[in-house]
Structure formats: C-alpha cells, structure tokens
Amino acid sequence: MIRLVPDHSARIQRTEKVPFTFDGVALMGCAGENLAAALMQAGVLHLRNAPGDGAPRGAFCMMALCQECVVFVDGQSVESCRLTVSSGLVVKSRR
Amino acid sequence: MSENHDIAVIGGGIMGCAAALRLASGGMAPIVLDRGDLGQGASGVNAGTLSLQIKRVRLMPYALKGHEEWARMGDAVGFRRTGGYTLAFTEREAELLTERQTLKAEAGAPIEFVTNNQILTAEPNLTRRVLAASYCREDGYANSSLTGQYYRGRLREASVPYRERCAVTSITRDTQGFVLHTGGPAIKARRILLAAGAWLKPVAAMLGVDLPVDARINTVSVTERMPPLLTTVIGHATGLLTMKQKGNGTILIGGGWQGRGTPQEGRGEVTADSLIPNLSLAQFALPELGQARVLRSWTGFEANVPDFYPLAGELPGVPDAFVLGCVRGGYTIGPYIGRLMGEFILGHSPEMPVFDPGRDFEKDAT
Amino acid sequence: MLIDEQGQAGGQVWRAKDRSILSAPATPESRSGDNLRERLAASGVRQMTDTRVWQIERQGEHWVIHTLRNGAAGRLHSRAVILATGAREEAQPVRGWTTPGVIGLAGATALFKQSIRLPGRASVVAGAGPLVFFVASEIRRLGGTVAAVVTPNTRADWLARLPSMVARPDLLWRGGRWVADLMLAGVPIYWGHAVKSVSGDDQVTGVTLCRLAADGTPLPGDIGIAADSVCLGGGLAPSTEAAQLAGVAIRYRPELGGWVSEAELDGSTAREGLFLAGDGCGIRGAVAAELHGQIVARTALRHIGQASASDPALERAYRRASRFGEAMTVLSALRADPIGLATPDTIVCRCESLTRRTIEVEIESGAVSSNAVKSGQRAGMGPCGGKYCQSSVARLIALHENRALSEIAPPTPRPPIRPVPVSALAGDFDYDDLPMPKPAPL
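Residues numbered from 1 in each chain as written. Chains lettered and ligands numbered in written order. Predicted model: local features only at pLDDT ≥ 70, side-chain atom pairs only at ≥ 80, totals over all residues. Heavy atoms only, no water.

1. Topic: the packing of aromatic side chains
For the structure on display, the rule yields 16 aromatic pairs over all chains. Judged by centre distance (5.7 Å) and plane angle (90°), the rings of Trp 199 of chain B and Phe 301 of chain B are edge-to-face. A residue pair is termed long-range when its members are at least 10 positions apart, and Trp 199 of chain B in the loop between strand 12 (187-194) and helix 7 (200-205) and Phe 301 of chain B in strand 19 (residues 293-304) qualify at 102 residues. The pair Trp 199 of chain B / Phe 301 of chain B is uniform in exposure class, with both members buried. Ring-pair connections join several aromatic residues into one group, and the members of that group are Phe 60 of chain A together with Trp 97 and Tyr 388 of chain C. Positioned above the aromatic ring of Phe 178 of chain B, the side-chain terminus of Arg 173 of chain B is 4.2 Å from the ring centre. Stacked on the ring of Phe 60 of chain A, the Lys or Arg Arg 350 of chain C has its end atom at 3.7 Å from the ring centre. (Phe/Tyr/Trp six-rings, centres within 6.5 Å; stacked < 30°, edge-to-face > 60°. Helix = DSSP H or I, 4+ residues; strand = E, 2+ residues; numbered from the N terminus. Buried < 20%, exposed > 50% of the residue type's maximum accessible area, 1.4 Å probe, protein only. Lys NZ or Arg CZ within 6 Å of the ring centre and 35° of its normal.)

2. Some details on the sheet that holds strand 8 (residues 140-141) of chain B
Within a sheet, each strand pairs with its neighbour through backbone hydrogen bonds, oriented either parallel or antiparallel. All names here are of chain B. Across the sheet, three strands lie side by side as 3-8-4; this open sheet has antiparallel pairing. Looking along the sheet, the strands with just one partner apiece sit at the ends: strand 3 (49-50) and strand 4 (80-81). Of the pairings in the sheet, the one linking strand 3 to strand 8 comprises two bridges and is antiparallel in character. Residue Thr 49 lies in a different strand from strand 8, and its bridge partner there is Tyr 141. (Pairing = 2+ DSSP bridges.)

3. Quick word on a negative patch on the surface
On the surface, a cluster of negative charge is made up of Asp 428, Asp 430, Asp 432 and Asp 433 of chain C. Structurally, Asp 430 of chain C can be placed in the segment after helix 12 (422-426). (Patch = residues over 30% accessible without salt bridge, like charges linked within 9 Å, V, L, I, M, F, W, Y side chains within 5 Å. Areas by Shrake-Rupley, 256 points an atom, 1.4 Å probe, with all protein chains shown as cover. Salt bridge = Lys/Arg side-chain N within 4 Å of Asp/Glu carboxyl O. Lys, Arg positive; Asp, Glu negative; His and termini not counted. Charge placed at Lys NZ, Arg CZ, Asp CG, Glu CD.)

4. Overview of the interface of chain B and chain A
Tallying the contact residues gives seven residues for chain B and nine residues for chain A. Around 600 Å² of area is buried between chain B and chain A when both sides are counted, 34% of it from carbon and sulfur atoms. When the area that chain B buries against chain A is broken down by residue, the three leading residues are Arg 225, Gln 291 and Arg 293 of chain B, summing to 79%. Between chain B and chain A we count one salt bridge in total. With a shortest N-O distance of 3.6 Å, Arg 293 of chain B and Glu 79 of chain A are connected by a salt bridge. Class assignment for the residues of the side of chain B that touches chain A results in two nonpolar, two polar and three charged. (Contact = heavy atoms within 4.5 Å. Buried area = accessible area lost by both parts, 1.4 Å probe. Nonpolar A, V, L, I, M, F, W, Y, C, P; charged D, E, K, R; others polar.)

5. Side note on the side chain of Asp 157 of chain C
Residue and element names in this part refer to chain C. Along the chain, Asp 157 turns up in helix 4 (residues 155-165). A polar contact is formed between the side chain of Asp 157 and the backbone nitrogen of Thr 154, at a distance of 2.8 Å. Once you skip the residues sitting within four places of it in the chain, Asp 157 turns out to touch Pro 152, Leu 331, Leu 334 and Arg 335. (Polar contact = N/O pair within 3.5 Å; in protein donor to acceptor, adjacent residues only side chain to side chain.)

6. Some thoughts on helix 4 (residues 91-106) of chain B
Residues and elements named next belong to chain B. With 16 residues, helix 4 extends 23 Å between its outermost C-alpha atoms, agreeing within 8% with the 22 Å of an ideal straight helix rising 1.5 Å per residue. If you follow the buried residues of helix 4, they end up packed against helix 3 (60-73), strand 5 (84-88), strand 6 (111-114), strand 7 (132-136) and strand 14 (233-236). Following helix 4 by one or two positions, Gly 108 has its phi on the positive side, about 115°. (Expected span 1.5 Å × (residues − 1).)

7. Details of unusual backbone geometry
One can expect most non-glycine residues to show negative phi and most peptide bonds to be in trans. Residue and element names in this part refer to chain C. Put simply, Pro 415 and Pro 416 share a cis peptide bond, and its omega is -5°. When you line up the elements, Pro 416 lands in the loop between helix 11 (390-401) and strand 23 (420-421). Unlike most non-glycine residues, Asn 70 shows phi in positive territory, near 50°. Topologically, Asn 70 is positioned in the loop between strand 5 (62-69) and strand 6 (72-78).

8. What about the environment of Arg 190 of chain B?
All names here are of chain B. Of note, Arg 190 is situated in strand 12. By relative accessible area, Arg 190 is classed as partly exposed at 47%. Placed 184 residues apart in sequence, Arg 190 and Asp 6 show a C-alpha to C-alpha distance of 5.1 Å. Ignoring any residue separated from it by four or fewer positions in sequence, one finds Arg 190 in contact with His 5, Asp 6, Gln 176, Gly 177, Phe 178 and Asp 320.

9. A few points about the domain arrangement of chain C
Residues and elements named next belong to chain C. For chain C, the assigned domains read domain 1 (2-85 + 239-312), domain 2 (89-236) and domain 3 (347-407). The distance between the C-alpha centroids of domain 2 and domain 3 comes to 27 Å. On the domain 3 side, the residues contacting the five residues of domain 2 number seven residues. Of the roughly 630 Å² buried between domain 2 and domain 3, counting both surfaces, carbon and sulfur atoms make up 46%. (Domains from an automatic or database assignment.)

10. Quick look at the side chain of Ser 134 of chain B
All names here are of chain B. Along the polypeptide, Ser 134 turns up in strand 7. Here the side chain of Ser 134 touches Gln 53 through a polar contact of 2.6 Å, side chain to side chain. Beyond its immediate sequence surroundings of up to four residues, Ser 134 is in contact with Gln 53, Gly 84, Tyr 85, Thr 86, Leu 97, Gln 101, Ile 111, Glu 112, Phe 113 and Val 114.

11. Points about the pattern of salt bridges
Taken as a whole and assessed by the stated rule, the structure comprises 44 salt bridges over all chains. In this structure, Glu 68 of chain A and Arg 350 of chain C form a salt bridge, with 2.6 Å as the shortest nitrogen-oxygen distance. Here Glu 68 of chain A, found in the loop between strand 5 (56-57) and strand 6 (70-73), pairs with Arg 350 of chain C, found in the loop between strand 21 (347-349) and strand 22 (354-355), and the two come from separate chains. Arg 350 of chain C carries the same exposure label as Glu 68 of chain A, and that label is buried. A salt bridge links Glu 5 of chain C to Arg 52 of chain C; the nearest nitrogen and oxygen atoms lie 2.8 Å apart. Residue Glu 5 of chain C is located in the loop between strand 1 (2-3) and strand 2 (21-23), and its partner Arg 52 of chain C is located in strand 4 (residues 51-59); the two are separated by 47 residues in the primary sequence. The class for Arg 52 of chain C is buried, based on a relative accessible area of 4%. Through salt bridges that share partners, Glu 79 of chain A, Glu 224 and Arg 293 of chain B together with Glu 5, Arg 52 and Arg 418 of chain C make up one connected network.

12. A closer look at the sheet that holds strand 4 of chain C
All names here are of chain C. Spatial ordering of the open sheet is given by 4-5-6, a layout of three strands whose pairing is antiparallel. Of all the strands in the sheet, just strand 4 and strand 6 have a single pairing partner and so form its edges. Each adjacent strand pair in this sheet contributes to an overall mean axis angle of 25°, direction not counted. Taken together, the seven bridges between strand 5 and strand 6 define a ladder with antiparallel strand orientation. Looking across to strand 6, one finds that Val 64 is bridged to His 77. (Axes fitted to C-alpha atoms, helices over the stretch in contact; angles between N-to-C directions.)

13. Quick notes on the nonpolar core
Nonpolar side chains in soluble globular proteins generally cluster together in the buried interior. If you look at the biggest cluster of nonpolar residues, it comprises 58 residues, and the most contacted ones within it are Phe 20 of chain A together with Val 125, Phe 133 and Val 149 of chain C. Membership of the second largest hydrophobic core comes to 51 residues, among which are Ala 106, Cys 384, Leu 396 and Ile 408 of chain C. (Core = buried A, V, L, I, M, F, W, Y, C linked by side-chain atoms within 4.5 Å.)

14. So, a positive patch on the surface
On the surface, a cluster of positive charge is contributed by Arg 316, Arg 319, Arg 320 and Arg 323 of chain C. Overall, Arg 319 of chain C belongs to the partly exposed group, its relative accessible area being 43%.

15. Thoughts on the pairing of strand 11 (residues 177-181) of chain B
All names here are of chain B. Burial analysis of strand 11 places four of its five residues in the buried class, the great majority of the element. One ladder, built from five bridges, connects strand 10 (residues 170-174) with strand 11; its direction is antiparallel. Bridge assignment links Thr 172 to a residue of strand 11, and that residue is Val 179. Following strand 10, the chain reverses through two residues before pairing antiparallel with strand 11. The pairing of strand 11 with strand 12 spans three bridges and is classified as antiparallel. Its bridge partner lying in strand 12, Phe 178 is registered against Ala 189. Between strand 11 and strand 12, which pair antiparallel and follow one another directly, the connecting turn spans five residues.

Here's what the structure looks like:
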C-alpha cells in the first residue's frame, strides 16, 4: 500500500530497559524515559482514583497542568509526566 | 425608574446579610447591594476558624453568641465543632499563652491548659516540641467559601432582594432619604447601613464622613488532599497560625500573615516574604505538612479601626445612616453582631451593647 | 536568564526528546527545536530548566520571580520580565472523558515528541483545526493504528480558510499530505462530527460519535467505534494566570482562543517592565510566536536602556504569520460549544468530579459568577486550579443568565502558579529565625 507518511517505528533507538515498580508491581521502562509515557507503554493507565467519586483516572494533559497523573515518590506527590524512569524507582499511587 | 426601600444595606458580607435578615424579620423592607458577589470579601475568603482562643477578651461574650449562631447554621456552612489546641513552642510563647488564655477563660470561654501527653494523644502528628498548650472544646471551623451561597439562600427565603456586581458610586439625599447611584437605576432608601468591610472608608466618604478604617491583608493557603493528619483546629500562642484539616483532606492554613495591596486597588497580593514563614510555622507544628503541596494562597482584606473594636451604631452626623464593621474576629462574631445591629436599627434595645462609631478611637472603646 | 518548566527549551511545539531516545528520524518540529536549542546554547543565554515559576511579585523597581527547582525554592530579581507562557489545551466534557486512555490532543503531541510513544494500540483522534490531522499522522508514522479521525470541521470550513492559508503554502502542503495518507490508508475521517461519549471502566474500550449541527449541537444517528485510546482536543486557550497574578488584565477574544492577556503588539503591558510574548496574548501559532518573541525582546531591551530599533520587516512577517495562525484558531472554535455535548451526569470539573447537573443546580440557586460557582461547589478549587472546567462553567452561567461569555470572567487565579510542596517553600529553617510579627491585640 502506498504510504505518504512513512513508518518510522523500526528506526527509533532507545536506552536500555531498567526495572521500576508501580504499587509493588515490577515494570520495565527505558532509562530516562518520561514516567507517564513509560507507564502508558507498560499498559498501566489507571494511576489514581478521583477523590470525589472514586472513579479511575489516568494521565490526561501530558503537560503538567491537569494533575490527573499525580503519583507518589518518596511520599511526595508529583506529576508522573514530569518524572523520568530510573532503575529501582518506586512509584506509588493512592488508588 | 427608581426603587424604594426601607433600608439599603451596602455590603453583602456576613454582617450586612445577617443585619438585613433581622431587619426583614422585624418588618422592614431591606435591599442588599454588593460591588461583587455576596460573601466574596473577607466573609468568604478567611480561613473559617471559629476559635474562642483567638478572640479579644472584651469581645468574648459576642464570640460565644457567635458560636451559637454558627452551630445553628450547621451543615449549610460546613460548621464543625472539633475542639482546638493552641500551642507554644518557646518559653516566651508559653508565658504569653498562659497570660492570654487565662484572661479569655475568665471572660467565659471554656479554655483549659493541657499537658503534652494529652495533646499528643489527641493529635499524634503534631511536633514533639510543644512546650505548653491550651484547649477549648467549643472551637472548630466553618467553610467560609459557602458564605455567599448560604446567604443567597437565606435572603431568597426571606424575600429580601439583593443585587450583586452593583457598586454604589455616589450617595445623595432627597426628602425621603437616600438615593444610591449605581451603574444601573438609582436605588432609593429611607435608611442606609454601611457594611462594606474593608471598603467602609470610601463608602462613608460618599456621605462626607471620614472613618479611620484601615485594612489588614490576611493570607490563607490550602493544600491538596492529604491522608488524615489532624482532627482539631490548631492555633499558636501568638495567633500567627491557624490550621485545620477539612473533611475532604485538604489542610487550610491561616494566621493573619500580611500580603500586599489595598482595597481601593481592588486586589490583594500574596507575598512570599510572609507566605513562606506562615507555611514554615505550620510545617513546624505539623511536620508531615512538608509533603503536602500548596494549591492556592490568597488574601482577604480585614477592616479595622485604631482601637481594634467594632463599629456598630449610627454613622456620626448623618441621620438614618448606620455603620457596621471592623469586628476583630468578624467571621465568628459577624452573624451575631449583624443581628444585634438589626435590632438596634429596628429601635429595639439590643441584647448586648453596640459600639459607637463616633467614639474617640485613641481611647479604649466604650 | 531563560526559565522553563521542561527539561529542555522548546515549549510544547518544539518539545525535546527525553534522554531515553538515542536516535530517531528527524521531523520538521524536531529540526526546528534542535536548531533553536543549538542557537540558545551558542548565545550564552543562561538557562534554568526543570524550573517552575510559582509566583511573580513587583518589589520596588524590580520583579521578583519565585522559582521551584529540584525541590527547593529560589528567587530571581529582574528589571524586565517576558512571560511566554503559551497555551493550555481545552477539552469539551463528554461522558467518559475522564476514563484512563483519554489524553489531550496537544498532550498526544507531547507524548510523540518527548517519548516517541503511542497512546494505545488503536486510537480515535478527535479535535479541530490542523492538530487532529497532525496527531493522526504521527500515530501512523510511529507505527500505530488510527481507528478514526473525528473533527467538528467540515471540508467546507477548510475551503473557506484557504485564502488565509495560501500565505503558508508549505504548511498547507504538509497538511494536505497528512489527510491524503489517512485516506489512502482507509482511516475513516468523520468531518463535522464529534466524540459524544467514551466507554470503558478503568480503560477506554470505545467511543460514540455524533454529527454536529452548525451551532455545535449533536444530531441524531450515533456511530460506535472500538478503540483503546482517545486523543481528545478542544482547541487551545492562552495561559494567562501568570500575567494576571502580575497584574495584567484579561479580555475576551474568542477569535484568539478565549480570554487573552492584554498586551500591545510589541509585548508591553500596563505593568512596567512586564512583557508578554506568544500564545499567552492570543493563539496565533508557533511561527507567529517565534517572530513575536523577537519583537518583544527588542521592547524589553529598550526598557532596560539598550538601543534596539523596532524592525518593520519583522512586524510585517509577524502580521502575516498571525493571519495564518488566527485562521487556524477560528477553525478550532467552529461548532465548539464548550458544554454542548455534556449530558446532565457528565463530569464537568474533573478534579472534584462535579457533574453538569450539580453545576447547573448551583447556578440556578444564585451562583451566577465563576467565582461564586467555585466557592459553592469547588469547581476550580481542585489541583488543576480550574483550567479544565472554567470554560464549561462560564458557558453554563451564560446559558442560564442569557449573558455573553465576555461578561463571565474566569475565576480569580491564585498563586502558586503550579502546586508547590510546603517543604520546598519552608526549606531548612530554625524556629527562632522565623520573622514573627507582633501578636494580635489582646
């Protein structure tokens, strides 16, 4: 089939995969990758529950405004779209 | 076309609305005017603390009555009687605490001194560096954000008309009373009550009266939702901290740290020079607060006169004009003193004395 | 000194790749961004990246910029400040738009540019203007599947904009190629349609589309599409909060994205030494923003006493680029009633899970300003600060009160501009050093 927009997926080279955890679940992500993107790639979309109705929420704006992707690292709340993956990173949610 | 009313109340905060409601129940036809939204000035942006431990000794009887009013308003204003602790961390603060809370207890507030064990059992997340503390079971808080919507409902129920975003630009007299000029049609009223909070000075000036009203610019901050950390209202011996955790988990921090700006400019600004020590003091009292993110800080203008006692009575030199405001602890006392003011204007003899706005402010209030 | 919230300069349009990308084919955006970053590095401009500005204050003759970096607060003093805060993305609330797997349309571009990742395996891409086709095309370029493209614009809307687009034949050509590729690949393009609901519990399973009437109201005849992710855009709005906190007024200019900060063409504002550049004073797009930055820099230089003549050629180029950008902004606003697709039980305020019905009841009981709704129901008190509900709330008030949107200002912005940990502000301190004022009178 003719493609006017080429498929570049095979031409992207990434750093090595490193382990990190989300609520105790072992995941792998590329070192230095944006955490929200790495979680999405690992199939973890449900990052927190809305305080009002308890409904599942995940990363939304991807530019650190909406606060939907907030997770906890060392007890401090932080937008996952502003964090990067590092080996042994322990990420928690308040799901 | 202009409208005629028995009395026009300028300022739709707690005091103006409470007075209007009492006037309406006493048979008068009031109208309430506000330059912005109802209850969006000091009434709606203060930290909501209802604490007898931070009330002035001479105003204690009014504050006790105020607490009764808030308890009656209940859930509609987010009222919670949680009890409250006031903390001292240094010897000097402990002395101040002992001296002040003793006088307040003598004035009728059920304040007692507590041991460190008692306080750490009740509030285990507080710092271990408390040197002395007092407790008042009557203390608690309400949600000041709900003030506007609460009074909209009450005024509607009582069929009291109100106008929001209706700034009075000048006031003239005619044979019937007062003519209030606004952007829209003029409003006529036989009497007038000035309850404009920090904007009292320019409003009184429209009637040629110079009231020595100044404004404090109090800073309040709120955090994101946190796990349960506090169950009571926390204060500081100096009065420079109030802190409580709301039912939704957010922590509200006040204490009267000063921002910048003037009511005339229309906006107050949060300044880091006072916000940072305010939050530092709060974190010192509650170390786990450090991990909370501050979501919003804001300021509210609190009116006062040089002796820091209320203005509640006749506007000097202007027949049929009254003024109400400048009440230290005005959120707590507001609903009660508003009612008193209504009784005063109705010609009844109020349950407790009002405060002559024509007094000599350099002396103690009489 | 250049201060930026991201790890590298470039903003949203020229956002840099994160450190996990060792190599990837260049795109027009990555080339422009890399070129900009190279020029910045060579210029000697000092850069503070990964730095959030949480408050701006005027003190005497200076502006004080309060920063947050690596968990620590700091402050900078400056005679002149240029705020280039750009835009935020709007989204129309629809049932299920809070489901994990729904991300912003501009948000998707951040995912592509920074991490070169896909939002899912099969994505519905919905939104107005050229962005929707860019996102769909990027998903294809990165090897993903576009389940459908959904845009409120009709082909007639696009044709009507052609005269303003011929100023930029390069962009016109690029956009045409995106659309042609999608058509060749058999991706359904729903012109004049919108996503009216998203299904799924803890992850998206599909969307329902509807056709839109000219005024943006949904027409009968639902179309269901299976997908595991949705990129949902509702146009861009200027980020005005920082300028507002510094004392700059805002004005309603729907053709420029809604409420915009008031500034002159040269970036000057009513506040001395405070200048605005780029989308924050009206959405005109990246090309115009770059030129505007150059114009405003000249103004700021003159303010601090350095000779810098204004450049008529630059201003002409800016006006030309603005015409293109403004046409795209207008296109993005067509058939975009911010509340038109929300049912009574649709969440309007994401932070507090407030439904349209809850907000309407509050308005009916007398809360007829954005601040009043915020006070009474917390719409705007959550962690996002009202960024994702203010347009909807304003529209609901306008509908109920029969007033123009221009009369319904957004809620008063409050500092911090971004959430700040208390510990970062408090830092390490000795209790005895706290500057405690005199206690209140007894």
